[in-house]
Amino acid sequence: MRTRGKVAATVAAGVALAMLAGCTPRDADANPTDEAAPGPIELVTALPAGTEEIDEVIWGLVEGEPRSLVPGLDYNFVQPNLCDSLLRVQPDFTVGPGIAESADWVDPVSFVIDLRPDVTFWDGTPVTPEDVVYTLERHRTDVTSAFYGAFVLVAPEGGISVTGERQVTVRFVAPDSTFRDALAGGSGAVLSKAVSEAQGAALGTSGGELMCAGPFSLESWTPGSEIVLVANEDYWDGAPLVKKLTFRFIPDGTTLTNALLEGEVDGAFNVSPASRDAFESSDEGRLVVGPSTASFSFGPTRDTGAGANPQIRQALSLAIDRELYISTVLNGLGQPQSTFVAPFSWSGAAAAEVYQAGYDALAAPAVDLDAARALVEESGEDTSVPLRIAIPAGSKELSQTAAIIQSAAEQIGLTVEIDERQAADFAAIFLPDPGPRESIDFVATTGYTETPGVLAYPQLFLLPPAMGGIFNWSGYADPAVTAQLQAARTTPDPVGAAEAYVGAQEIFAPDMLQVTLAGSYHTTFLNNALTGVTTSVAAYSSPWALRLGGE
């Protein structure tokens, strides 16, 4: 790390940190017989903004090399610093202004976006309403887009149009309580229409160009090695303190840990929980633990076979000890979770109490091997046929996860085989082509939602594909769930929407379209000379390096 100006060697231990209000981590006394149980964890949403310029920061990507930097084509920590969204997810998971100085409903089916007057792309050209329309239409018209579901209630003809010099209006066929929050993530990340159309399929790839309006611009992408960003000195929200941000692809968790501890890499997200002790005792940097919507889970990949049977999923869930899972796989950096929508998702919602009450009413995960064996027998499935679960090669946590599932299955009369796939083959599981999923029954993943709200994640698994259910591979179709989720989406009143969602949750949670094993915290390791980074799950969708700098 090369510096400009004086950089403090350490961050004062007593510094005031942005704390998550109302989130209670697993208490150290929850299991008094477990002497190894970690103490209470302080959850931090962001570190205080930097004050000193830094020539270069090197950031490690344990997720490996992105396939694309175009929002929606891949999820990575590079893109949020490149492509600003219309609205911005704050570290505490509330939503504030972004490229749009205002964006809100003017009547139940009309949403007006007013752009800031001073926003330009990296090349100095202004961000126009036409760029916004182009960007939003990319998602509305592409059923394979990860953000397609955010636009399913937009009027099909003339639903997105320019209505002023700096204004875009979106018209809907019904009210949509999720749309505003969606614009704070990749759904609202604005691309240059001219550059995007000229680039075609090369847009955002290592061999193509990209033009956005974020705090950093793309300088270079060396395949297999690194991506280099440079500060956008004309950024509307102030130039970044870090003048060069270099991302290194380090998919092996042990290699990344060593690079961080030795000071070869300055920071990284999603660092290995197994290295918690080493991180916490480091003199080079510190581990910061933040709130998250992320969870470890596994779910069905097709509509045939035992994996598609909810009784088999319920049986496997009853055979897995969640507390043991958290202490072994996550090294204490997580908490039990009753369904696949994490409580942090609604932490800033107007009807947070309704959501929390509905969540608290769900059955907590518990171990019951006798009940699990009974469910296997009642399922009618041929237990001589092995179940196959896919995991990505090189992920220690998911490898441990698969081994735990395999062991639990054996205790209840099931056989699980582990299918470890290289990065490209594992990523292919999530593409529209069903071929890569046909030979497996489950896929184990870490999932998260990048924007506030409770509907974005369940809709992917519970609704028909035409309504945004792009991961509904098991063909799940419960009319009551569909009706309640749609009611939650189309009810303008926050309390009414929350009550509808809770009604749906009562039905879909036991069906376990994702068998949730634990909610995981957002882990960040940062060099002691640096501060200002977002340390909550908001880093997935907001310019987390904008305030990064020296102290």
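This one's a predicted model, so the numbers in the text were calculated from it and none came from an experiment.

Looking now at the overall build of the protein. Helix and strand content of the protein: 14 helices and 23 strands. Relative to a compact globule of 551 residues, whose C-alpha radius of gyration would be 24 Å, the protein shows 23 Å and is just as compact. Along the longest, intermediate and shortest principal axes, the C-alpha atoms of the protein span 65 × 60 × 45 Å. Looking at the protein residue by residue over its 551 residues, the buried ones come to 55%. Sequence separation of 24 or more characterises 71% of the internal contacts of the protein that already satisfy a separation of 6 or more. For the protein, the accessible area works out to roughly 21,100 Å², and carbon and sulfur atoms hold 51% of it. For the protein, the centre of its 28 positive side-chain charges and the centre of its 70 negative side-chain charges are spaced 5 Å apart.

So, on to helix α9 (residues 369-379). Of all the positions in α9, only A372, L375, V376 and S379 are classed as buried. Looking down the long axis of α9, one finds its buried residues gathered within 100° of arc, a one-sided arrangement. For α9, the exposed residues set more than 90 degrees away from the buried face come down to D370, E377 and E378. Close packing links the buried residues of α9 with α6 (310-318). Just beyond α9, the residue with positive phi is G380, at close to 75°.

With mixed pairing, the six strands of this open sheet are ordered in space as β16-β20-β15-β19-β17-β18. What marks the edges here is a single partner per strand, and that holds for β16 (334-335) and β18 (416-421). In this fold helix α10 (residues 396-411) packs onto β15 (295-300), β17 (387-392), β18, β19 (442-447) and β20 (515-520), with an angle of close to 165° to the strand it touches most, β18.

As a further point, take unusual backbone geometry. Positive phi values are uncommon outside glycine, yet F93 reaches one of about 70°. Structurally, the position occupied by F93 is in the loop between β4 (87-89) and β5 (95-97). In this model, N270 sits at a positive phi of 55°, which is unusual for a non-glycine residue. Note that N270 resides in the loop between β13 (267-269) and α5 (276-280). Classification of N270 by relative accessible area gives partly exposed; the value is 26%.

Here T257 lies in helix α4 (residues 253-261). Separated by 3.0 Å, the side chains of T257 and S275 make a polar contact.

Secondary-structure assignment places A509 in helix α14 (residues 494-511). With a relative accessible area of 13%, A509 lands in the buried category. Each C-alpha atom, one on A509 and one on T339, is 5.9 Å from the other, the two residues being 170 residues apart in sequence. With sequence-adjacent residues up to four places away left out, A509 is seen in contact with T339 and L362.

Our next topic: α6. Among the residues making up α6, those that are buried are I312, R313, A315, L316 and S317. N-cap assignment for α6: the residue whose side-chain oxygen lies 2.9 Å from the backbone N of Q311 is N309.

In this section: the confidence of the model for the protein. Detailed reading of the predicted model is not advised wherever pLDDT is low. For the protein, mean pLDDT is 91; residues scoring 70 or higher make up 93% of the total. Note on residues 1-38: pLDDT is under 50 here. Beyond four places in sequence and across chains, it has 71 contacts.

Moving on, we get to the packing of helix α8 (residues 352-360) against α14. The axes of two packed helices give the description: the angle between them and the distance between them. The geometry of α8 relative to α14 is characterised by a closest axis approach of 9 Å and an angle of 15° between their N-to-C directions. One element, α8, and the other, α14, form an angle in the roughly parallel class. The way α8 lies across α14 gives a crossing that is right-handed. On the side of α8, the interface is formed by V354, Y355, G358 and Y359, while α14 contributes V495, A497, A498, E499, Y501, V502 and Q505. Looking at the contact of α8 with α14 residue by residue, the classes come out as eight nonpolar, two polar and one charged.

Scoring rules and cut-offs
Residues numbered from 1 in each chain as written. Predicted model: local features only at pLDDT ≥ 70, side-chain atom pairs only at ≥ 80, totals over all residues. Heavy atoms only, no water. Helix = DSSP H or I, 4+ residues; strand = E, 2+ residues; numbered from the N terminus. Rg over C-alpha atoms; globule rule 2.2 N^0.38 Å. Buried < 20%, exposed > 50% of the residue type's maximum accessible area, 1.4 Å probe, protein only. Contact = heavy atoms within 4.5 Å. Areas by Shrake-Rupley, 256 points an atom, 1.4 Å probe, with all protein chains shown as cover. Lys, Arg positive; Asp, Glu negative; His and termini not counted. Charge placed at Lys NZ, Arg CZ, Asp CG, Glu CD. Arc of directions from axis to C-beta. Pairing = 2+ DSSP bridges. Axes fitted to C-alpha atoms, helices over the stretch in contact; angles between N-to-C directions. Polar contact = N/O pair within 3.5 Å; in protein donor to acceptor, adjacent residues only side chain to side chain. pLDDT = per-residue confidence, 0-100. Parallel < 35°, antiparallel > 145°, perpendicular 65-115°, else oblique. Left-handed = near helix turned anticlockwise from the far one by under 90°. Nonpolar A, V, L, I, M, F, W, Y, C, P; charged D, E, K, R; others polar.

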